[in-house]
Amino acid sequence: MTEENLVIVESPAKAKTIEKFLGGNFLVKSSFGHIRDLDKKEFGVDIKNHYAPQYIISEDKKKIVSELKKLSQQAKMVWIASDEDREGEAIAWHLAEVLELKEEKTKRIVFHEITKDAILHAIENPRPLNRSLVDAQQARRVLDRLVGFEVSPVLWKKVKPSLSAGRVQSVAVRLIVEREREIIHFTSNSSFKVSAIFKVKDAKGRLVDLKAELPHRFEKYEDAVAFLQRCQDAAYSVGDVVTKPSRRSPAPPFTTSTLQQEASRKLGYSVSQTMSVAQRLYEEGKITYMRTDSVNLSQLAINTAKKVITETLGEKYVHSRQYKTKSKGAQEAHEAIRPAYMDQETITGSSQERKLYELIWKRTLASQMSDAELEKTTVTIHISTSEEHFVATGEVLRFDGFLRVYMESIDDEEEGREDKLLPPLAIGDELKCDHIDAVERFSQRPPRYTEASLVRKLEELGIGRPSTYAPIITTIQQRGYVVKEDREGTERQFMTINLTGKEIVEKIQKEVFGTEKSKLFPTDIGIVVNDYLTKNFEKVMDFNFTAKVEKEFDEIAEGHRVWNEMIDDFYKPFHVTVENALNNSERANAERILGTDPESGKPVFVKIGRYGPLVQIGETGDKETTEKPRFASLNPGMSIETITLEEALVLFRLPREVGEYEGKKITVAIGRFGPYVRFDNKFVSLQKNVDDPYSITCERAIELIEAKREKDRNAVIQSFDEEPDLRILNGRWGPYISFKKENFKIPKSTDPKELTLEACRKIIADSASAPKKTSRRTKK
C-alpha cells in the first residue's frame, strides 16, 4: 500500500462514491457492515450477571478483518467514516477495537451527505469517537437480546415451538391485534345523508348544477321520508353567502418516518423497499442521510432552493423557512432528507430510484415555497316548509404557491384536489330544485394499518427510532405474526329515497364495502402470542414503558445515564417475571368451543395446534371411544376468533372425491395457494370467482385437467431425444432453455424454434462463463 490514508466505511457502494472525491493518497475500503456480533453462547451466562457482552468475529468477516488490519498498520492515518447515527458509531468503535487502532493515528469523521464539500469538511473537522452513542446502541442490542433470549423459550413451552419475541416488535403486533379486535367488535350504524341539486345560471347565463347538502344526517328512515315530504311543496332561496380567504402551508422536508409514509401513499413502496432505495441514493451521493427525525435544512440547502425557485417560477413563489424538529431526543442526523444538489431535479438510475428522488426533490423544494392562497365560499339555502337548510360550499385556488410543485397525500383518501367554483349568487335569489336524494350511509369502522400508518402510530407513541421502523415491520411479517395482503369486500344493501318534483321513489341498491389493499392483518398465532405476552409480560408490552425505554436510550446517548445501570434496572424485575411465567402461567392455545357436530354429536373446537390454527371434532384422549378426533386446517382469511360452527363444519367436506378419469381418482381440496384439483399426482388450480371447491362437478374438473394439459403442451417449444433433460420452453417472460433444473435466457434475436441442440449447449456454456451479476449490499 502506497497511500498514506486509509478510509473505512461500512458499505462498498459508499466506498466507491467517496473514492471519487478524494485524491490519490486515500484508499477507501468497506467493512461490509458490523465486523463482529454478540456471542450467543456466552450471552446467556455473562450478560445476566455482569452485563459485559462478549463479542465474536464471524467466519465470513475474518478475511475482511485480516485485510483491514494489514492496511491499517501500513497507513499513516486511519479515517473511520461510518454513518453518523448510533449504529454507525458502534461500527466505528468495533473497528477501532478489532483492528487495534492507535488513538494518535485514528480519526473519526462524519457527514450527512456524500459530496466533495461535505467529505473535505469532515476531514478538516474530525471528532473523537462518541462513546455515549456507542453505549446507547449497545444498550439497545443487549436489552433486545435479553428480551428475546428469555421470553422466546417461555413461548416455546407455553404456546408453540420455534416462536420468538421481540421488545419493540411485540408491541407493534399488539397495535395491529387491538385494531383488528376493534374492527371485529365494531357495530355499524346507518343514517341518511341528504343532498339536493339546484339549477342555477352561471356567469355566462348557462344553467349549471349546484349541489348542496343538509349539514346533518337523519338517524331514522322515517325522519328522512318526512323531510322529503315537507320538501314536496317547498320553495328555496339563498339565505346567506359568506366568502373567506384561506391559506395552505407546505409540509416540512422529509424525515425517515414521513418519507416512508409518503412513498407508501404516492409510490406504493413498502417501508423496507423505501429504505433500501434511499440507502442506494445516499451511498451514491444523491441525497442526504436517510435515517433522521430532523426537519431542519442547512442554510446552503435553503439558499440553493431559493435560487432554483426564483429561476424557474419567479420571486413570488419564494418563501424561505426553517422548520423546527418537534420530536424530543432526536438522535440521528441533524438535517432532513433532501437532495445533495438542489439544482438537480432528476437523476439517472433505476425507475425506483428516480421516483423516490423526485419525491424528495419536490417535497424539499415545496417546503421553501409560498403558501397556496384559496377562497372558500359557503352558501346557505333556506327551505320554505322546514327549519332545516341546505349548505353549498366551493373553494377556488387564487394562487397555487407550493401546490405548483407538490401536495402531500393523506391515508385512505384519493390524491389530488379539485376546485369547486360556485356560480354567482346573492341573498334572496330564488332557486329551482331539480331533485333531492336521501342515501343510506353507514358509519365506518376503524381503518386497518398500512405499513405507513403503522410507522406514524409508532412515531406518535415514541416507540422505535428512524433506524428501527423498517426492521420492526419486516420482522413481524417474517415471524408470521402479521401478514400484508389484499382482501375482498362484502356485498350489502342500502336504500335511496329520491324526490323529483312531487314524487318520492324508494330503491334498494347494492354496494361492496370493506375491500382492503396492502393492509396489515394479525395471524392467529400472532393473536395468541400477543394475548399471552400481554397477560404475562404486562410491563414489556405496555406502550408507555416501551416509549420510556427509548427515552432512556436517548439519555445514554446524551451522556446523562450509564448504560449497564439502565440494563440492571430493567433486568432484575424482568427476570422475576420470566420465571413466574415459566413456572405458573397456563398454556395458551386459544381453544374455543364452537358447538356440537350434528352428525356425530361430538364437540367442535378451534385452537392453535402444532402446525397452526385448526378445527377439531371430538375430544383428544376420550376413553369412551376408540375413534380418533378429526382435524381440519383453517382456510386463508379465516380466524380462530371469528370462525363460526357452520364455517368450521364446511372445512370437513374437503378433500372430497368428485369422480374418476382415465381410471384414476379426481380429488378437490384447498391448499396454501387456494382451491385445486388433484389428478395423477398433479395439481390444477380452480378458476377464481368461477369454481367452488365444495360444488365443482367431475365434468368441470376434467375440463380444467385437459386445459392444463393443453397449456403444458404449448409450453414446450422443442425437446431433444439425445438430451432429454434439455428443453426449450415458453415461459411467462418469453422462451428459455431448461436444463437440469436450471434456466437459461435465449438471446432476443434468436428464434427458439430454429435452435439446434448444439446451439442450446453453446448458450448454456456461454452463460456459465459469463460473470455473475452481484446484487447491491445494503446496510442492515
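Scroll up to find the structure this text is about.
Thresholds, definitions, all that
- Residues numbered from 1 in each chain as written.
- Predicted model: local features only at pLDDT ≥ 70, side-chain atom pairs only at ≥ 80, totals over all residues.
- Heavy atoms only, no water.
- Phe/Tyr/Trp six-rings, centres within 6.5 Å; stacked < 30°, edge-to-face > 60°.
- Helix = DSSP H or I, 4+ residues; strand = E, 2+ residues; numbered from the N terminus.
- Buried < 20%, exposed > 50% of the residue type's maximum accessible area, 1.4 Å probe, protein only.
- Disulfide = S-S within 2.5 Å.
- Pairing = 2+ DSSP bridges.
- Axes fitted to C-alpha atoms, helices over the stretch in contact; angles between N-to-C directions.
- Left-handed = near helix turned anticlockwise from the far one by under 90°.
- Contact = heavy atoms within 4.5 Å.
- Nonpolar A, V, L, I, M, F, W, Y, C, P; charged D, E, K, R; others polar.

Moving on, we come to the packing of aromatic side chains. If you walk through the whole model with that rule in mind, you get 14 aromatic pairs. Here the aromatic rings of phenylalanine 192 and tyrosine 221 are separated by 6.3 Å at their centres, their planes lie at 55 degrees, and the arrangement is tilted. A residue pair is termed long-range when its members are at least 10 positions apart, and phenylalanine 192 in strand 7 (residues 190-201) and tyrosine 221 in helix 8 (residues 221-230) qualify at 29 residues. Given a relative accessible area of 4%, phenylalanine 192 falls into the buried group. The class of tyrosine 221 is partly exposed, set by a relative accessible area of 30%.

Turning next to the state of the cysteines. In protein structure, a disulfide is the covalent linkage between the sulfur atoms of two cysteines. Per the counting criterion, the structure on display carries 0 disulfides. Left without a disulfide partner, cysteine 231 is nearest to the cysteine sulfur of cysteine 433, which lies 7.4 Å away. When its relative accessible area of 3% is taken as the criterion, cysteine 231 is described as buried.

This next bit is on the sheet that holds strand 18 (residues 603-609). Whenever strands of a sheet pair, they do so through backbone hydrogen bonds, lying parallel or antiparallel. The strand order across the open sheet formed by 4 strands is 17-18-19-20, and the pairing between neighbours is antiparallel. Of all the strands in the sheet, the pair left with one neighbour each is strand 17 (592-596) and strand 20 (630-633). Averaged over all pairs of adjacent strands, the angle between their axes in this sheet comes to 25 degrees, without regard to strand direction. Summarising the sheet, strand 18 and strand 19 (residues 612-617) pair through 6 bridges and their orientation is antiparallel.

The subject of this paragraph is the pairing of strand 8 (residues 207-213). Pairing of strand 7 with strand 8 involves 7 bridges; the strand directions are antiparallel. In the sheet register, lysine 199 faces strand 8, and the bridge partner there is aspartate 209. Between the end of strand 7 and the start of strand 8, which pair antiparallel, lie 5 residues, with glycine 205 showing a positive phi angle near 85 degrees.

Let us look at the packing of helix 9 (residues 256-267) against helix 12 (residues 351-367). Their axes nearest at 11 Å, the elements helix 9 and helix 12 cross at an angle of 115 degrees. You can see that helix 9 and helix 12 cross each other, and the crossing is right-handed. Contacts from Thr258, Leu259, Glu262, Ala263, Lys266 and Leu267 in helix 9 reach Lys355, Leu356, Leu359, Ile360 and Arg363 in helix 12. The residue inventory of the contact of helix 9 with helix 12, partitioned by class, reads 6 nonpolar, 1 polar and 4 charged.

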